[in-house]
Amino acid sequence: MAAMCRAAAKQLVDRAVGSRAAHTSAGSKKIVGVFYQAGEYADKNPNFVGCVEGALGIRDWLESKGHHYIVTDDKEGLNSELEKHIEDMHVLITTPFHPAYVTAERIKKAKNLELLLTAGIGSDHIDLPAAAAAGLTVAEVTGSNTVSVAEDELMRILILLRNFLPGYQQVVKGEWNVAGIAHRAYDLEGKTVGTVGAGRIGRLLLQRLKPFNCNLLYHDRLQINPELEKEIRAKFEEDLDAMLPKCDVIVINTPLTEKTRGMFNKEKIAKMKKGVIIVNNARGAIMDTQAVADACSSGHIAGYGGDVWFPQPAPKDHPWRYMPNHAMTPHISGTTIDAQVSFCAFISALGLWRIVIYSTWCSDTGPYALAKLWTNSSQ
């Protein structure tokens with residue numbers, strides 16, 4: 001599995017770099033990868049390739065081709081390792097889990113930059129209009145960790161509804177107080193769950209919720225396939241403001257765009273039921289940080305769970321660390337070992353390659369403009 005993973009990762013970068021061949025110079029490239037440090041855990045699993053030490057499993061291959069491959073976790077500030085290579089790097093590989101924020105200023109400095117590759121899904125850490133204006137290619141792998149994220153969302157719904165974490169903490173502390181847990185623990189069956197966004201992850205979540213006999217709602221720009229909608233018994237809600245007060249649980253599955261940034265502010269949260277559960281594995285910046293913390297403190301939000309923050313890594317004084325009734329973790333839902341293997345092997349196995357080029361900016365539909373669809377038989 002590890003060998004297949006590395007081989008597929010090599011193919012990904014090869015084809016991604018090759019996609020610029022028509023208007024870039026050939027020869028050695030300087031490629032910078034920004035990943036999180038694994039430290040003592042690096043050698044515990046041969047498939048752990050999504051870290052600095054694993055280097056995405058492509059170091060030997062890149063260097064055998066004459067490319068210069070630099071891998072680091074140091075990405076912030078003028079004295080960071082990343083900043084040292086901005087001016088002459090050709091390719092930057094980063095992830096949503098330890099994102100290198102590619103600002104307009106960095107793009108302006110990066111005179112040789114050709115490709116920004118996201119090892120995962122979501123490129124909102126990049127100033128997309130600036131990248132488009134500079135003629136850069138922004139590419140990401142679609143579908144690589146959708147199962148991992150959807151399963152994690154289901155887990156967080158159950159953890160919050162059942163008031164699991166305080167019970168676990170009682171055991172760790174040597175306490176025993178059933179009433180302290182039971183007074184705010186509920187079944188999932190019969191609850192109304194609404195997802196804001198019904199793309200790959202949102203649809204998978206709805207399918208996994210069906211056996212729990214929930215009332216399933218979803219809001220999106222487009223209605224999903226009628227047959228699938230009927231199969232999972234999910235109801236389309238065109239008006240988000242009309243859906244919110246109906247939901248006992250709300251799951252955020254929409255991408256971060258200028259339209260969705262800060263969408264869930266004080267006013268939006270006020271439209272929700274008192275005692276609502278919110279799960280957000282999409283992007284932290286979709287939420288108004290202080291509005292969420294305040295609503296958790298007042299009890300309007302009974303529980304908030306997710307693994308996305310803004311910025312990332314989250315500072316020690318981030319208010320979500322200290323608000324009551326939360327189930328927050330570092331950004332881990334999409335970086336399971338299975339997801340890392342899937343990222344490397346998924347495209348090779350299915351023969352499907354997507355290169356998303358942000359050459360246009362559309363505020364109504366977000367920054368995504370699907371420019372090319374690559375298959376194993378087309379270049």
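Everything below is about the structure printed above this text.
The structure displayed is predicted, hence computed values, not measured ones. (Residues numbered from 1 in each chain as written. Predicted model: local features only at pLDDT ≥ 70, side-chain atom pairs only at ≥ 80, totals over all residues. Heavy atoms only, no water.)

Some thoughts on the nonpolar core
Part 1 of the argument: If you look at the biggest cluster of nonpolar residues, it comprises 30 residues, and the most contacted ones within it are Ile252, Phe264, Met287, Val292, Ile301, Tyr304 and Trp320.
Part 2 of the argument: Of all the secondary structure elements, the ones that give two or more residues to this core are α11 (240–243), β9 (249–252), β10 (276–280), α13 (289–298) and β11 (301–306).
Part 3 of the argument: At five residues, the largest contribution of residues to this core is made by α13.
Part 4 of the argument: Setting aside chain neighbours within four positions, we find Met287 in contact with Ile252, Gly262, Phe264, Ile278, Asn280, Val292, Tyr304 and Trp320. (Core = buried A, V, L, I, M, F, W, Y, C linked by side-chain atoms within 4.5 Å. Buried < 20%, exposed > 50% of the residue type's maximum accessible area, 1.4 Å probe, protein only. Helix = DSSP H or I, 4+ residues; strand = E, 2+ residues; numbered from the N terminus. Contact = heavy atoms within 4.5 Å.)

Things to note about the pairing of strand β2 (residues 68–72)
Part 1 of the argument: Of all five residues making up β2, four are buried, and the element is well covered by its neighbours.
Part 2 of the argument: In this sheet, β2 lies alongside strand β1 (residues 30–34) in parallel orientation, the contact comprising five bridges. Opposite Gly33, over in β2, you have Val71 as the bridge partner.
Part 3 of the argument: Taken together, β1, helix α2 (residues 59–64) and β2 form a β-α-β motif whose crossover is right-handed. (Pairing = 2+ DSSP bridges. Right-handed = clockwise from strand over helix to strand, strands pointing away.)

A short note on unusual backbone geometry
Most peptide bonds adopt trans geometry, and most residues besides glycine take a negative phi value.
Part 1 of the argument: In the segment running from Phe310 into Pro311, the intervening peptide bond is cis, with an omega of -5°.
Part 2 of the argument: Considering the arrangement of structural elements, one finds Pro311 in the loop between β11 and β12 (326–328).
Part 3 of the argument: The linkage connecting Gln312 with the following residue, Pro313, adopts the cis geometry, with an omega of -5°.
Part 4 of the argument: The residue Pro313 is located in the loop between β11 and β12 in this model.
Part 5 of the argument: Of note, Asn325 is a non-glycine position whose phi angle comes to about 55°, a positive value.
Part 6 of the argument: Position of Asn325 relative to the elements: it lies in the loop between β11 and β12.

Overview of the side chain of Thr146
Part 1 of the argument: Relative to the helices and strands, Thr146 is located in helix α6 (residues 146–161).
Part 2 of the argument: When neighbours within four sequence positions are excluded, Thr146 is seen to be in contact with Ile121, Arg200, Ile201 and Leu204.

What about the packing of α6 against helix α9 (residues 200–209)?
Part 1 of the argument: Close contact between α6 and α9 brings their axes to 9 Å; oriented N to C, the two are set at 50°. With respect to α9, the element α6 is oriented oblique. Both α6 and α9 take part in a crossing whose hand is right-handed. Judged by residue contacts, Thr146, Val147, Val149, Ala150, Glu151, Glu153, Leu154 and Ile157 of α6 engage Arg200, Ile201, Leu204, Leu205, Arg208 and Leu209 from α9.
Part 2 of the argument: Split into classes, the residues belonging to the contact of α6 with α9 amount to nine nonpolar, one polar and four charged. (Axes fitted to C-alpha atoms, helices over the stretch in contact; angles between N-to-C directions. Parallel < 35°, antiparallel > 145°, perpendicular 65-115°, else oblique. Left-handed = near helix turned anticlockwise from the far one by under 90°. Nonpolar A, V, L, I, M, F, W, Y, C, P; charged D, E, K, R; others polar.)

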